[in-house]
Amino acid sequence: MELYRAGTGFAGGIPEWIQTWEGDGILCRAFNPELAELLAKAPCPVVDLYGRMQHPDIPRLDTNPDGIAKMAVEFYLNAAFTQFAYCGFHGLWFSDQREKAFVALLKKLGFPCSVYEAPANFENQDVATREGLHPQGSDSIREWVSNLPKGTAILACNDVRAQQLTTAAAAVGRKIPDDLAIMGVDNDKIICRFANPSLSSIEPDTRLLGYTGSAWLHRLIKGETLPSHSALIDPIGIKERTSTDLIASEDEIFVKALRFIRRLTDQRTQVEDVLKHVGRSRNTVESRFREILGHSIRDEITAARIRRARCLLQQTRWPLHKIAEASGFATTAHFCRAFKNAEKQTPTEFRSAGEPPLL
């Protein structure tokens, strides 16, 4: 087998060689209608890993916007946030999809969401152009950020936008995360680590997306028919950094207890350990959890363990007993019961749902 990888960017346009290339199959990122039409007429199978054009004759894969929204909302609600905002590049397909999913889920849960609307002259459809238009954040973004209520949790459409938000916030005197929490998408390690403060980000499952795309192409080359024309791949998880290191509560006892639970999810933390850490009675701490989160300390410990188990099920091939132990459950049976109660499916079913589709 011979693999040909073309090193070109979107700004370079359609490569000349593609019209005469005699290959068996193409994995592509169709970034404009002209390229999509050209690839759709190619004499070999084509699979798109970009998702922008959604051409009817090209199978495609992309990251699931609903999965991104669900992950962000769950994270922020678990930190007791009640005010939310979204900032994207209005008019870019991936940003609009993520905005729609985030706003819809919050509305379903009874929360409004402030959405940044770019001026009409900012609505260029090229991703690189939009990202580079105002690297320090535009005047309109600074105005929007300055008017957000303190304690607002923001989801940015990607890490570039999130970094622009942190710069804009600094310019108008808003502190991150003390005034506003900011989360990006893509987990671009260079952007996230060198931002000030460092950025929390949702990590797409690019490995599964690429693996699945390759498997689809292999099937098409063999002359098989795919039972689906498109698939959305859920993200892996959230890489937490400084930009969201805030619990939106002024109750010091609750904040101290919740942080303790979050940071010890790989150990067998018990309610008694939490009470000892904060130095207060069970009634005092329990009342804070039920008032702010609507559930008990034990429920929060279990939820933290389930979140860790979900990541391990997605990212490893560990047997269930090892995942149960690493997540802090006493037994595999206890883990399986708790997981099914929380996720409405068994750990095995959850793992199977995340397997590469249509292999």
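For the structure, see preceding data.
Everything in this summary refers to the structure shown in the same document. Remember, predicted model here, so these are calculated numbers, not experimental data. (Residues numbered from 1 in each chain as written. Predicted model: local features only at pLDDT ≥ 70, side-chain atom pairs only at ≥ 80, totals over all residues. Heavy atoms only, no water.)

Regarding the overall build of the chain
Line of reasoning, step 1. In terms of regular secondary structure, the chain is built from 15 helices and ten strands.
Line of reasoning, step 2. The buried share of the chain, reckoned over its 359 residues, is 47%.
Line of reasoning, step 3. Sequence separation of 24 or more characterises 65% of the internal contacts of the chain that already satisfy a separation of 6 or more.
Line of reasoning, step 4. Carbon and sulfur atoms provide 49% of the accessible area of the chain, an area that totals close to 18500 Å². (Helix = DSSP H or I, 4+ residues; strand = E, 2+ residues; numbered from the N terminus. Buried < 20%, exposed > 50% of the residue type's maximum accessible area, 1.4 Å probe, protein only. Contact = heavy atoms within 4.5 Å. Areas by Shrake-Rupley, 256 points an atom, 1.4 Å probe, with all protein chains shown as cover.)

What to know about the side chain of serine 201
Line of reasoning, step 1. Mapped onto the secondary structure, serine 201 falls in strand β8 (residues 200–203).
Line of reasoning, step 2. Side-chain polar atoms of serine 201 contact the backbone nitrogen of aspartate 186, separated by 3.3 Å.
Line of reasoning, step 3. Every residue in contact with serine 201, bar those within four places of it in the chain, is listed here: Asp159, Met183, Gly184, Val185, Asp186, Asn187, Cys192, Gly237, Ile238, Lys239 and Arg241. (Polar contact = N/O pair within 3.5 Å; in protein donor to acceptor, adjacent residues only side chain to side chain.)

Notes on the side chain of arginine 161
Line of reasoning, step 1. Within the secondary structure, arginine 161 sits in helix α6 (residues 159–171).
Line of reasoning, step 2. A residue is classified by how much of its surface remains accessible, and arginine 161, at 6% relative accessible area, is buried.
Line of reasoning, step 3. Among the polar contacts listed, one links the side chain of arginine 161 to the side chain of glutamine 164, at a separation of 2.7 Å.
Line of reasoning, step 4. Non-local contacts of arginine 161, meaning those with residues more than four positions away in its chain, are made with Cys87, Gly88, Phe89, Tyr116, Ile141 and Ala156.

Observations regarding helix α9 (residues 252–263)
Line of reasoning, step 1. Taking 1.5 Å per residue as the helical rise, α9 with its twelve residues ought to reach 16 Å, and the 17 Å between its terminal C-alpha atoms agrees with that figure.
Line of reasoning, step 2. For α9, the complete set of buried residues consists of Ile253, Phe254, Val255, Ala257, Leu258, Phe260, Ile261 and Arg262.
Line of reasoning, step 3. The elements touched by buried residues of α9 are α2 (65–78), α10 (271–278), α11 (282–292) and α12 (297–315).
Line of reasoning, step 4. At the N-terminal boundary of α9, the capping side chain belongs to aspartate 251, with an oxygen 3.1 Å from the backbone nitrogen of isoleucine 253. (Expected span 1.5 Å × (residues − 1).)

Some words on the packing of aromatic side chains
What characterises a pair of aromatic rings is the spacing of the ring centres plus the angle enclosed by the ring planes.
Line of reasoning, step 1. Per the stated rule, a full pass over the model turns up eleven aromatic pairs.
Line of reasoning, step 2. Taking the centre distance of 5.3 Å and the plane angle of 70° together, the rings of tyrosine 76 and phenylalanine 81 count as edge-to-face.
Line of reasoning, step 3. By relative accessible area, tyrosine 76 is classed as buried at 0%.
Line of reasoning, step 4. Pairing phenylalanine 84 with phenylalanine 111 gives two aromatic rings, centres 5.3 Å apart and planes at 75°, and the pair type is edge-to-face. Of this pair, phenylalanine 84 sits in strand β4 (residues 83–87) while phenylalanine 111 sits in the loop between α3 (93–108) and β5 (113–115), and the two are 27 residues apart along the sequence.
Line of reasoning, step 5. Phenylalanine 84 sits in the buried class, given a relative accessible area of 4%.
Line of reasoning, step 6. Taken together, the ring pairs in this structure connect Phe329, Phe335, Phe339 and Phe350 into an aromatic cluster.
Line of reasoning, step 7. Arginine 262 extends its terminal NZ or CZ atom over the ring of phenylalanine 75, reaching a point 5.5 Å from the ring centre.
Line of reasoning, step 8. Across the ring face of tryptophan 318, the terminal group of lysine 322 is positioned such that the distance to the ring centre comes to 4.3 Å. (Phe/Tyr/Trp six-rings, centres within 6.5 Å; stacked < 30°, edge-to-face > 60°. Lys NZ or Arg CZ within 6 Å of the ring centre and 35° of its normal.)

A few points about the packing of α10 against α12
Line of reasoning, step 1. Where α10 meets α12, the closest approach of the two axes is 9 Å, and the angle between their N-to-C directions is 110°. As summarised for this structure, α10 and α12 are arranged roughly perpendicular, according to the angle between their axes. Every residue of α12 that contacts α10 at Val271, Val274 and Leu275 is listed here: Ile297, Arg298 and Ile301.
Line of reasoning, step 2. The residue makeup of the contact of α10 with α12, split by class, is five nonpolar, no polar and one charged. (Axes fitted to C-alpha atoms, helices over the stretch in contact; angles between N-to-C directions. Parallel < 35°, antiparallel > 145°, perpendicular 65-115°, else oblique. Nonpolar A, V, L, I, M, F, W, Y, C, P; charged D, E, K, R; others polar.)

Observations concerning the packing of α2 against α3
Line of reasoning, step 1. Two numbers describe how α2 lies on α3: the axes approach to 8 Å, and their chain directions differ by 50°. Comparing their axes, α3 and α2 come out oblique. Considering how the two elements wind past one another, α2 and α3 form a crossing that is right-handed. Between α2, through Pro65, Asp66, Ile68, Ala69, Lys70, Ala72 and Val73, and α3, the contact on the second element is made entirely by Gln97, Arg98, Ala101, Phe102, Leu105 and Leu106.
Line of reasoning, step 2. Considering only residue class, the contact of α2 with α3 consists of nine nonpolar, one polar and three charged. (Left-handed = near helix turned anticlockwise from the far one by under 90°.)

Considerations on the pattern of salt bridges
Line of reasoning, step 1. Scanning the entire structure with this criterion turns up twelve salt bridges.
Line of reasoning, step 2. Between aspartate 179 and arginine 174 there is a salt bridge whose closest N-O contact spans 3.8 Å. Comparing aspartate 179 with arginine 174 shows no difference in burial state: the two are buried. (Salt bridge = Lys/Arg side-chain N within 4 Å of Asp/Glu carboxyl O.)

Re the environment of serine 352
Line of reasoning, step 1. Tracing the backbone through its elements, the reader meets serine 352 in helix α15 (residues 347–353).
Line of reasoning, step 2. You can call serine 352 partly exposed: its relative accessible area is 46%.
Line of reasoning, step 3. With 38 residues separating them along the chain, serine 352 and glutamine 314 place their C-alpha atoms 9.3 Å apart.

Some points on the sheet that holds β4
Line of reasoning, step 1. One open sheet holds the six strands; their spatial order is β5-β4-β6-β7-β8-β10, and the pairing between them is mixed. Pairing within the sheet leaves two strands with one partner each, and these edge strands are β5 and β10 (237–239). Between one strand and the next, the sheet's axes are offset by a mean angle of 25°, whatever the strand orientation.
Line of reasoning, step 2. Pairing of β4 with β5 involves three bridges; the strand directions are parallel. Looking at β5, one finds that phenylalanine 84 is bridged to cysteine 113. (Pairing = 2+ DSSP bridges.)

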